[in-house]
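# Results of the structural survey
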Amino acid sequence: MVSALSRKSITDLSRRRSRTVFAVATLALAVASIGIFALPALMDRSMRAEVEAGKLPDLTVFTSPLALDRPQLAALASLPNVRAVEPRSDFDGKLYIGERRAPVEVVGVPDYGDQRVDVVRVASGATPRANEVLTERQNANQGLLDVGAGDTVQVIAASGMTVPLRVSGEGRNLGGGKDATDANVVVLYASPETVALLSGVTGFRSLSFRLADTRPTAIATTTAAIRRALVSVPGFNGFTWLPEVRATGDWPGKSDFQAFSDFFYVITVLALLSAFVLIANTMTTLVAEQTSEIGTMKALGGRRRQIAGVYVKTALLLGALGTVVGVVLGIALSNLLVRYLGSTFFAIDVDFGVDATILAVSVLVGLIAPALAALPAIRRAVRVPVREALEATGSAVGSQDAGDAILRRIRGLPRTVQIGLRNVGRRRRRSIATAVMVALAVGNLLAILGLAAGISHTTHVEWRDHGEDVKLLVGGDARAEQLIRSTPGVAAVEPMFDAQIRVAGEDGFIWAVRQATMFRYRIADGRWYTPNEERTRARVAVVERNLARVTGTRVGDRVRVETGNGPLTLRVIGIAANQQENGTVLFVPRETMRAAFGSSPAGGDDYWIRTTSRDHASVDRTTTRLEDTMSAYGYDIGTEIEYVGEADNVASNRTITTSIAVLGFLIVAISMVGLANAITMSVIERTREIGILRTIGARARDIRRIFAAESVGIAVGGWLLGIPVGYLLDVFLVWMVKEVVNVTVPVTFPAGNIVLALVGTVVLAVLSTLLPIRRAVRYRPGEALRYS
C-alpha cells in the first residue's frame with residue numbers, strides 16, 4: 001500500500017507536466033531569492049581581505065600642510081599604541097577632460113615600495129615618477145576618466161598653469177575609490193613632489209595610523225598624544241577636520257551597503273510570499289481535481305493519514321526539485337550580484353563564495369514551504385465524505401452561484417470575452433490566489449516607483465535650498481573675497497565654512513554661515529539666530545531635524561560638539577526641516593566659530609557665490625573666470641557647481657533605485673509564472689469544453705480571446721488589489737529610509753505610475769499566457785472530446 005501511494009505521488013507530478021514545471025520554476029525562483037541574504041556576508045568576507053591587503057588605517061588625522069622629516073615621522077610611529085604611520089599630501093583642483101573642467105584629487109605617496117598604512121596598490125603599469133600619475137580604477141568604472149598607461153592628463157595647478165602629467169598605470173585604494181564613487185571626483189596618485197608642483201605647497205595634509213588597541217578610549221588617548229607630538233611642528237594649528245576612526249571590522253561604504261541590502265530583503269520576502277501563494281494554489285488545484293480518486297482510496301480502506309501522506313509526499317517532491325534548481329540559481333545570483341556591486345561601487349574582484357547558513361536556510365525553506373502551503377487543501381480534501389468524493393467530476397471548475405449568474409449577464413462585450421470573464425468567477429480560489437501574486441508584483445512596482453519619486457523630490461528640494469550657484473573652496477581671506485566680488489558675472493558673495501563634527505556619538509557637520517544667509521533655511525521648531533547673537537558671537541545653533549531626532553536633541557538643550565580643534569558647547573535655539581548632508585548639519589553663526597577657534601578649521605573661508613544669471617552656460621563661464629582669477633593670485637581652489645551636484649546626486653539615487661527595481665522583477669517573474677500556470681490549468685480542465693466549442697464552429701481566435709479575457713481579467717483584478725498594497729509598501733519603504741539611512745522622504749504615489757502599472761500588467765498578462773493559449777487553439781475537436 002505504501003509503495004503504491006508513493007508511486008502515486010510521482011504520477012501526480014508527471015501527469016500534469018506543465019503544472020509541475022511552473023510550480024518547480026516558481027519555487028526555484030523563491031529559493032534563489034533567499035540567496036540575496038548572503039550578500040552582506042560575501043561582501044564582508046571580500047572587503048575584510050581588501051582591508052588587510054590595503055592595510056586600512058584605524059585612525060586618520062587631517063592638518064594644514066606639515067613638512068615632516070623622517071625623525072619626526074619616526075617619533076610619531078614610536079608613540080604608545082601606534083603600530084605604523086603613513087603621511088599623505090594632496091591637491092584638490094581641476095583637470096581637463098576634452099574642453100570640460102572636472103574636479104580632481106591628486107594624492108601624494110612618499111614611497112610606493114614601502115607603504116605601511118593605507119596602501120595604494122599599482123594594479124597595472126608602473127610606479128609613477130616625477131610628473132607621472134596613476135589613475136584610480138574607479139575613475140573608469142564611474143565614467144569619470146577613461147585613460148590608460150601612456151596617456152596624458154592636463155591638470156590645472158594652483159598657479160593657474162596647465163600641467164601635463166603622464167599616466168604610468170592604474171592604481172587601487174579603497175579610500176580613493178570611495179571618493180571617486182561618492183563625490184564624483186577624479187582621483188589620481190602621484191609622488192609628493194608632483195603634488196607640490198601642482199599645489200605650490202610642500203608638506204603632508206593627513207597622517208594615517210595603524211593601532212594596536214582600537215577601543216574608543218585607546219583611540220582617544222592616542223589622538224591626544226598625536227596632537228601633543230605635532231604641537232612643536234611649525235605650521236600645526238590643530239586638526240583641520242575631525243579625526244577619522246575606523247571601527248574594528250569596518251570598511252569604507254559598509255553601512256551604505258548594509259542599508260542597500262536591507263531594501264533587497266524586502267523584495268526577497270515579497271518573492272517568497274508570492275511563491276508560497278502559487279504553490280498553495282497549485283496544490284489546491286491538484287487535490288481538487290482528484291477528489292474522485294480520494295473517494296476511491298477511502299472506499300478501499302485508505303485512512304485519512306495515508307491519503308494526506310500521498311499529497312504531502314507530492315509537495316515534498318515538488319520542494320526537492322525546486323530546491324535543487326533554486327539553490328544552484330541562488331548561489332549564482334548572490335555571486336553575480338556581489339561581484340557587480342563590488343566592481344561597481346568598490347572596484348574589487350569578489351571571489352566566488354557560499355554562505356553555509358543561507359544555504360541551509362534555502363534548503364530548509366525549499367523543502368518545508370510546499371508541504372506547509374499544501375496543508376489547507378489536503379485537510380479539506382481528506383474530510384470530504386466518501387459518497388460526495390465519488391460523485392465529484394474530477395474537475396476543479398468551481399461552483400456556479402449568484403456571482404456566476406451576474407457575470408453571464410454582462411452586456412456590451414463579445415461573447416468570447418464574457419465566457420472568459422465568467423471563467424474567472426467559476427474558479428474563484430485559484431483566480432484570487434493568482435490575483436494576489438499579481439497584486440504583490442504591482443504593489444512592488446508602485447512602491448519602488450513611488451520611493452524613487454520621493455527620493456528625487458527630496459533631492460531637488462534640498463538642492464533648491466541652496467541660494468548660491470557656485471561654492472568656492474579656497475580657505476580665503478579679505479583679499480580673496482575682494483577678488484571674487486570683482487569677477488565679472490558675480491552678483492553676490494557670502495563667506496562661510498564647514499567642518500566635520502560628532503554629536504552624541506553621531507557624525508555630522510557644522511555650517512558656519514551668516515545670519516542673513518543665502519541658504520534657504522526652513523525652521524520646523526524654534527527660530528534662526530538673530531543679528532545681535534551673530535554680533536555678540538553667541539554660542540547658539542540650529543540643528544537639522546534628522547540629527548536632532550537620532551540624538552534626542554530639542555530646542556533649549558545644550559549640546560557638546562566634538563570638532564577637529566576640540567570640544568564646543570552650543571545652545572540649540574531651533575530645529576530646521578532641511579536635509580543637507582542627509583540632515584546632519586548644525587548651523588552656527590560664522591563669527592561664533594571664528595571666535596571659538598581663531599579662524600575656520602582650514603585657516604580661511606570658503607564662499608557661496610550667486611551669479612548674475614542662473615543659465616548653466618553663464619554659471620560655467622563665471623566659474624571658469626573665478627578659477628582663473630584665484631589661481632593667478634596663488635590660491636589653491638576647488639569649485640562645486642550646484643546644478644552639476646544636483647544632477648550627479650539625482651543620477652546616483654537613480655542607480656540605487658534601479659538596482660532595487662531590477663531585483664523586484666523576481667516578483668514579476670513569479671507572477672507571470674502564476675498567470676501562465678492558471679491559464680494552463682484552465683486549458684487542461686476545459687479540454688472537452690474546447691472540443692465542444694470547436695465542434696459548434698468556434699475558431700482559433702475565439703478560443704484565444706476566451707483565455708486572453710480570463711488572463712486579463714485576473715491581471716486587472718490583481719492590479720486593483722496592488723494599488724493599496726503598493727501604497728502600504730511605499731509607506732513601509734519610506735519608513736525604512738528614515739530609520740536606516742536617516743533621511744526623511746515623502747510618500748509619493750503619482751497617478752501616472754498607477755496607469756503605467758495597469759498597462760504593464762495587461763501586457764505581461766498577455767505575454768505570460770501565449771504558450772498555454774497556443775496549446776488550447778491547437779486542439780482538434782475529436783482529440784479534445786476524447787480527452788479525460
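Just so we're clear, the structure is a prediction, and the values are computed from it rather than from any experiment.

The rules behind each value
Residues numbered from 1 in each chain as written. Predicted model: local features only at pLDDT ≥ 70, side-chain atom pairs only at ≥ 80, totals over all residues. Heavy atoms only, no water. Helix = DSSP H or I, 4+ residues; strand = E, 2+ residues; numbered from the N terminus. Buried < 20%, exposed > 50% of the residue type's maximum accessible area, 1.4 Å probe, protein only. Areas by Shrake-Rupley, 256 points an atom, 1.4 Å probe, with all protein chains shown as cover. Core = buried A, V, L, I, M, F, W, Y, C linked by side-chain atoms within 4.5 Å. Contact = heavy atoms within 4.5 Å. Salt bridge = Lys/Arg side-chain N within 4 Å of Asp/Glu carboxyl O. Patch = residues over 30% accessible without salt bridge, like charges linked within 9 Å, V, L, I, M, F, W, Y side chains within 5 Å. Phe/Tyr/Trp six-rings, centres within 6.5 Å; stacked < 30°, edge-to-face > 60°. Axes fitted to C-alpha atoms, helices over the stretch in contact; angles between N-to-C directions. Parallel < 35°, antiparallel > 145°, perpendicular 65-115°, else oblique. Left-handed = near helix turned anticlockwise from the far one by under 90°. Arc of directions from axis to C-beta. Polar contact = N/O pair within 3.5 Å; in protein donor to acceptor, adjacent residues only side chain to side chain. Pairing = 2+ DSSP bridges. pLDDT = per-residue confidence, 0-100.

## Re the overall build of the chain
Summing up its helical and strand segments, the chain has 27 helices and 20 strands in all. Among the 788 residues that make up the chain, the fraction classed as buried is 53%. A total of about 33,900 Å² of accessible surface is found on the chain, and carbon and sulfur atoms cover 58% of it.

## Some remarks on the nonpolar core
Membership of the largest hydrophobic core comes to 38 residues, with the highest contact counts inside it found for M43 and L733. Contributing elements (two or more residues each) for this core: α3 (39-54), α9 (254-288), α11 (304-346), α16 (428-464) and α24 (700-741). With 7 residues, the single largest contributor to this core is α9. Filtering out sequence-adjacent residues up to four positions away, L733 remains in contact with F263, V266, A447 and L451. Within the second largest apolar cluster, 28 residues are counted, among which are V107, V133, L165 and V167.

## Quick notes on the pattern of salt bridges
Charged atoms that come close allow side chains of opposite charge to pair. Following the criterion strictly, the structure yields 25 salt bridges and no others. Between E132 and R166 there is a salt bridge; the shortest N-O distance is 3.1 Å. Taken as a pair, E132 in strand β5 (residues 132-136) and R166 in strand β7 (residues 162-172) lie far apart in primary sequence, 34 residues in all. The closest approach of N and O atoms between R594 and D605, which form a salt bridge, is 3.5 Å. Of the two residues, R594 sits in helix α20 (residues 590-597) while D605 sits in strand β19 (residues 605-611), which places them 11 residues apart along the sequence. On the accessibility criterion, R594 (26% relative accessible area) is partly exposed. D605 sits in the buried class, given a relative accessible area of 5%. A single network of salt bridges, built from pairs that share partners, joins K94, R101, E627 and D628.

## Some details on a nonpolar patch on the surface
A contiguous nonpolar surface patch, about 820 Å² in accessible area, is contributed by F276, F352, V354, L359, V363, L364, L367, I368, L372 and L375. Counting residues per element, the nonpolar patch draws most heavily on helix α12 (residues 356-382), at 7 residues. Looking at the element boundaries, I368 is found in helix α12.

## Some thoughts on the packing of aromatic side chains
In the structure shown here, the tally under the stated rule is 13 aromatic pairs. With 6.4 Å between their ring centres and 55° between their planes, W251 and F257 make a pair best called tilted. For the pair W251 and F257, one class covers both residues: buried. Aromatic side chains W511 and F519 sit 5.7 Å apart centroid to centroid with 80° between the ring planes, which places their arrangement in the edge-to-face category. Here W511 matches F519 in class, with each residue buried. Taken together through their ring pairs, the aromatic side chains of W511, F519, Y521, W528, Y529, F587 and W608 make up a single cluster.

## Re the environment of V493
Mapped onto the elements of the fold, V493 is located in strand β12 (residues 490-503). Counting along the chain gives 23 residues from V493 to V470, while the straight-line C-alpha distance between them is 9.8 Å. Setting aside residues up to four positions removed in sequence, V493 forms contacts with E481, I484, R485, R514, M518, Y607 and W608.

## So, the packing of α3 against α11
Two elements in contact, α3 and α11, have axes separated by 10 Å at closest approach and are oriented at 50°. Of the possible angle classes, the one that applies to α3 and α11 is oblique. Note that α3 runs across α11; the crossing there is right-handed. For the pair α3 and α11, the contacting residues are L39, L42, M43 and M47 in the first and S334, L337, V338, L341, G342 and F346 in the second.

## A few points about α20
Those residues of α20 not exposed but buried are R590, T592, M593 and F597. Along the long axis of α20, the arc covered by the buried residues comes to 160°, so they all point the same way. Turning to α20, the residues buried within the fold contact β12, β13 (506-513), β16 (558-563), β17 (566-576), β18 (585-589) and β19.

## Some thoughts on the packing of helix α17 (residues 478-485) against helix α21 (residues 616-632)
One way to put it is that α17 packs onto α21 with a least axis distance of 10 Å and a crossing angle of 145°. The crossing of α17 and α21 is right-handed. For the pair α17 and α21, contact is made by A480, L483 and I484 and by L626, T629 and M630, respectively.

## Some words on the side chain of E132
Residue classification places E132 among the buried residues on the basis of a relative accessible area of 7%. There is a polar contact of 3.1 Å between the side chain of E132 and the side chain of R166. With near-sequence residues (within four places) excluded, E132 lies in contact with T127, R166, S168, Y189, A190 and T194.

## Regarding the pairing of β12
With respect to burial, β12 is a largely interior element, 11 of its 14 residues being buried. When β12 meets β19, the two strands line up antiparallel, connected through 6 bridges. Looking at β19, one finds that P495 is bridged to Y607. What sits between the antiparallel neighbours β12 and β13 is a turn of 2 residues, in which A504 has the positive phi angle 50°. Pairing geometry for β12 and β16, over 2 bridges, is antiparallel. Note on β16: the bridge partner recorded for R502 is E562.

## Observations regarding the confidence of the model for the chain
Residues with a pLDDT of 70 or more make up 84% of the chain, whose mean pLDDT is 82. Here residues 394-399 scores under 50 on pLDDT; set against residues more than four positions off or in separate chains, the count is 13 contacts.

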